[in-house]
Amino acid sequence: MRKLKFQYLFLVGAVAALAWSCNKELDQPPVSQLHDSDVTTIDSLRSQYYSTTTPFIIEDSLLSIYVTVTMDEVEGNIYKNLYVQDATGPANIRLTSSSDYKVGDSLRISLFGVEISDYNGVFQINNVDPDKNIVKQASGKEILPTPMSFAHISAADEGKLIIIENVQFTYDQLGNTYADAITQSSENRYLEDCEGNSLYIRTSGFADFAGTELPSGNGSITCIVSVFGSDIQLLVRSESEVNMSGARCPGQLVVKDFEDNSMTSGGWSVVQVTGTDTWETGSFGGSVLTVISNYDGSTNNACESWLISPSLDLSNSTGSTLSFMNTQRYGGDDLEVLISTDYTGTGDPNGATWNALPATLDTDGSSWDLVPSGLVDLSGYLVANVHIAFKYTGTDSDGKTWELDDIIITG
Amino acid sequence: MLNTYLRLGLIAPFFFAFNSHSQVERNEEVDDSLETNTPVFITSLEDLDNNNTAGSNNSSGLLQASRDVYAATAGFNFSAARFRIRGYQSDMSVNMINGMPMYDMESGWAQWYKWGGLNDVTRYSETKAWLSSNPYHFGGIGGYANIDARASARREGTRISYALTNRAYNHRLMASYATGMQSNGWAFAFTVSGRYAYEGYVEGTSYEAFSYYAAAEKKVNDQHSLNFAVLGAPTTRGRASISIQEAYDLAGNNYYNSNWGYQTLADGTRIKRNARLQKSHLPVLIFNHDYKISKDKKLSTGVSFSFGSNGKTALNWYDAADPRPDYYKNLPSYYYGINDVANAAVAENNWASVDGRQLNWDQFYFANTKNTFAQENANGIIGNTVTGNRAKYIVENQRNNQMVGGLNSVFSHTIGNINLTHGIIYQLQRNHSFKTMDDLLGADFWVDVDQFAEQDFLDPNAAQNDVDTPNKIIENGDVFGWNYYIFNSKTELFNQAEFSLGKFDFYGALNLSHKAFWREGLYRNGRFLDNSFGKSDVNLFFNYAVKAGATYNISGRQFVSVNGAVMTQAPFSRSAYVSARTRDFTAPNLENEFIYTGDVNYLIRYPKLKMRLTYYYTERKNVLWSRSFYHDEYRSFVNYVMEGVDYLNHGLEFGIDGNIYGGLSANAVVAFGEYIYNSRPTASIYRDNSAEVIARDKVIYLQNFKVGGMPQTAASLGLKYSGKKYWFAGVNFNYFGDIYLDPNPDRRTEEAVANYVESDPQYQETIAQTQLNTDQDAFLNNAYNVSLFAGKSFKISNYFLNINVNINNLTNNRRFVTGGFEQLRYDSQDINRFPPRVGYLYGLNYFVMATLRF
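Residues numbered from 1 in each chain as written. Chains lettered and ligands numbered in written order. Predicted model: local features only at pLDDT ≥ 70, side-chain atom pairs only at ≥ 80, totals over all residues. Heavy atoms only, no water.

Check the secondary structure of chain B and you find 13 helices and 41 strands. Taking 29 Å as the expected radius of gyration for a compact globule of 854 residues, we find that chain B reaches 28 Å, a close match to that expectation. Each principal axis of the C-alpha distribution contributes one length, and for chain B these read about 80 × 60 × 60 Å. Burial analysis of chain B (854 residues in total) assigns 62% to the buried set. Taking contacts inside chain B between residues at least 6 apart in sequence as the whole, the part at least 24 apart equals 72%. Looking at charge distribution, chain B has the averaged site of its 78 positive side-chain charges lying 9 Å from that of its 82 negative ones. (Helix = DSSP H or I, 4+ residues; strand = E, 2+ residues; numbered from the N terminus. Rg over C-alpha atoms; globule rule 2.2 N^0.38 Å. Buried < 20%, exposed > 50% of the residue type's maximum accessible area, 1.4 Å probe, protein only. Contact = heavy atoms within 4.5 Å. Lys, Arg positive; Asp, Glu negative; His and termini not counted. Charge placed at Lys NZ, Arg CZ, Asp CG, Glu CD.)

In structure tokens:
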């Protein structure tokens, strides 16, 4: 018995000794604790700054914000900065050096030593050392963009990640690239919605997609709202977030850009009432447009020539506009921009009723620079059979040369 | 951001310059222990003989390894998983030949490679795996092994064996002949052995080794006998690397070896060439005089001498990119980390082909023949211009030649029932460290300058590794780089008493020792004009060690024993010299280690049932820990030194071996240990090629971290059948647990986590310790293996033939990570960027041996 007791005592003792020693906690180097009072928000910093608009430096060694990256440097459209958001709002983070942080990274930014200020209206947390001030907490926590429309975007949205649906690059921008990748200079490219509101995106020449051609369709764009002084600028994070492959605005009934070297394509017609000088296509500076002149090199000839649109059905439209580019030189009658609701589509237009439209015509007779007509409101003509005409008149003694391009009628 | 990586900035391309050394030795040991332990299981004619000759009349012999199922299982079944008994490294036990300690005095490590392959001589070494009495020497707390190399200790006759295996080598042929003690008083014994593999288990590894043993003994009369023995093993091995998981995954092979590549010979054939060869030949000569003064008095005296060459080759390069395929900048992950997808694809494409993921020798040769250079004032001779192709890539041989002499005299006598032993041991060792040019790879010369110092110092002398011969032109075979001696001398006085009292057996021993080490520089280094050349101050240490044990014989079948030891131990010179390659500079506080240990054992020994249960507890305090790494930005080694490292090792050992029925027996072994760091050491970091101190006395928060690289838990279940006609077969199932990555101390510092608050994920990621084999979905987390062994003996007239087979990892489990370590380089923002280097258990491997004895 005595032996057995010893045996058990020994076993129990040995197991107990080992059990006692197990689960010892691993040593830990001293580390700061972050209390609730050490965590602030972007909104709080923003209000603090805009209360006086005086830059200040944070000296609290623990003060931190928790944010999520909404725009990174990976595609090069921004450099040495990040856009971030927390639950209270967005901010631009200006870095002392380039970083590897990516969209969706959740970060703790220690504010020790950073400057709170703005840059031409962009609220920024400046002088942030990506190695020392930023601690990544997690990745893949992407924030969804807020849906917005052009009509509602204001400077108050500065820094926000937004998505805008049903927009397109303005017609005159098509064929351009996002920026000038060759000289690596930034460019502004105009976007419009179907209501005619427009804003521009600004893209760095260093962006990976700077040399990519703008999409011609209509669709959505995800971007960051930025400002430059009083201008609102939109920043594209990645070309893949510009999804404009849909049909352009449904009301945009007619686009005549003459690039096909045809006067009559798309149902357009030219009606010669007087003389032989008529609307023709011509190529200037790489772009094809239409031109008319009654000067034959030695003398002017009497002339009346109409460029007439196809019949437009504006009866379902809630608002329609006309825009075009134009330029003129020399002396003579101005071009007339006319609209009719009773023209049959063939024959002498003078038999129909035409009203003049208040388009802005070129007044600078010393240059061939095309000027925009402005958006000419057609809302008084929302009926089924609408024709728009450009009437050129010349006499034996004088006559201008007119050039037109990019005639766009929206509905 | 990139700067973050360099919080410490250490990288280990020449990974663990010193640690890899021990790794190799460890592998060597594993290889050998697999073999030396094989006979443990042999129930054959030979085994019966063996049992007759073994044994001791002292009851502590109960614990003798060859009889202890725990020690046998640890040696045979656990060693492939890097299991260490009680978590001790080889510096805690002592290997001896004829009672003369044989270890590297510079590091304390065992040196099996001196006599590798001589299994006929070493297999029956007297081994104790833990603390006990020791008739030769105080020994270590991890026990001892003594090889009796006397000619008369060899079995008379001839023994020829051939082994076929797929481990480190493929073939081993061994022949032994011994005369036994002849009537003329002479005995002679010889063994020769050869081991060879064109390619071992790991691709690109190779093995070419020859070993020899010769001994002569003259029995002068009944009192005096004289013995002489010589052992040696000229060996060249192509080494395996240990890499990161990404490299294994890219190569599709958990045994990927970055050390080799193809080289195209002049005739167009392509051969596999390994850049990291280990070449050693360190013969041991030993002379003994055994004097039986009287029936109860004996004096054994020995003189030993060992010397020779030992080196490891490695690539080096000048004005060229790091060519090693698993260098971090050659891996796709590096480029993904910096969002460089194009280069990541290039790296991935490289890794997709064998040529791309191995060394490109042809490119080295090509680059070396296109680099014409005129070295002015060559070899320090003004106006001497040497023009030719300066090497961009070379293979250098980092040598550590040894010369060691020993003298021991042990007097033992018996007074009544008291055995007394007194011994004196003196050893002097000189380690000569230097580099030689192994292969210029087609170039004409290499210039012996420090690449970094060339750019960093205004003084042109600073770049000179040997300022007395500046701009030294190095050709094949020349010495360069560094060149110094480290001397170690040790004198020990050893006293032991063993006696019995009623049902108790006792022993006690005291050892007093004096150790000295010093450095002698043979080069005056341009960066360290004042302390690189000549003899340094001598560092002196006095140490004591006491041990005692008692065994209580409860019933003749049951025993209880306790053992304990307390000792101090001098630091090893390899750790003490922080930057021995360039200068005499030691860690600032060289202090003795303090070790105490004890165990309590309960044993049952019935004829058909044997059991042992042990609890042990060991503290080793104030250890000096150093690692040397290659740092790619400094183009220099960097030395990381921790002082005041304490270890605590304790645990349970259980082994039971019982006969079930007839020839069938079963055994079970459990090792349940805890090996931890038990202090907060301080660390200092020194650069090798400048006097810069990168950090001083950083506190390392290492308390309770697990010592990595070995299982802390292991268990084995075995069955064995012994047939009546001299055959046997058995199977063991082994499980391992609690294997951790050895922690990088620098990650456990306040500086490493300075930018973090407790809630940041990086804080825990940086400091937490990684446990290996934690895949819950895998069977036993993959941490198991199955081994099989069988043998049969035949007697044909006077010839004995033994066939032995053992198969390890029968299920070909290739997913068991047996160990690894964290890289010293880290990025605490993304701790996975510099992942640990890990090693896997070999898949199915076998060892088949046929032995003919007559």
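Secondary structure assignment for chain A yields two helices and 27 strands. In terms of overall size, chain A is more extended than a compact globule, its C-alpha atoms giving a radius of gyration of 33 Å where 411 residues would be expected to give roughly 22 Å. Dimensions along the principal axes, computed over C-alpha positions, put chain A at roughly 135 × 50 × 40 Å. Taking all 411 residues of chain A together, the buried fraction comes to 48%. Total accessible area on chain A stands at roughly 18600 Å², and carbon and sulfur atoms take up 50% of it. Put simply, chain A has 21 plus and 54 minus side-chain charges, and the middle of one group is 23 Å from the middle of the other. (Areas by Shrake-Rupley, 256 points an atom, 1.4 Å probe, with all protein chains shown as cover.)

Turning to the domain arrangement of chain A, a few remarks are in order. For an interface, size is often stated in terms of accessible area lost upon the parts coming together. All names here are of chain A. By domain assignment, chain A separates into domain 1 (36-138), domain 2 (146-246) and domain 3 (252-410). Averaged C-alpha coordinates put domain 1 and domain 2 at centres separated by 24 Å. Every contact between the two is made by 16 residues of domain 1 and, on the other side, 21 residues of domain 2. A combined buried area of about 1500 Å² lies between domain 1 and domain 2, and 49% of that area is made up of carbon and sulfur atoms. Taking the shortest distance from any N to any O, the salt bridge between E158 and R46 comes out at 3.2 Å. Here domain 1 is connected to domain 2 by nine residue pairs in polar contact (both at pLDDT 80 or more). At the level of elements, strand 2 (64-71), strand 3 (81-86) and strand 7 (122-128) are the ones that each hand at least two residues to the side of domain 1 that touches domain 2. For the side of domain 1 that touches domain 2, the per-class residue count stands at eight nonpolar, six polar and two charged. (Domains from an automatic or database assignment. Buried area = accessible area lost by both parts, 1.4 Å probe. Salt bridge = Lys/Arg side-chain N within 4 Å of Asp/Glu carboxyl O. Polar contact = N/O pair within 3.5 Å; in protein donor to acceptor, adjacent residues only side chain to side chain. Nonpolar A, V, L, I, M, F, W, Y, C, P; charged D, E, K, R; others polar.)

Bringing the interface of chain B and chain A into the picture now. Contacts between chain B and chain A engage 48 residues on the former and 37 residues on the latter. Here chain B meets chain A over a buried area of about 3600 Å², counting both sides, of which 57% is carbon and sulfur. The interface formed by chain B and chain A contains three salt bridges. One salt bridge in this structure joins R680(B) and D27(A), with 2.8 Å as the shortest N-O distance. The interface formed by chain B and chain A holds 16 residue pairs in polar contact (both at pLDDT 80 or more) in total.

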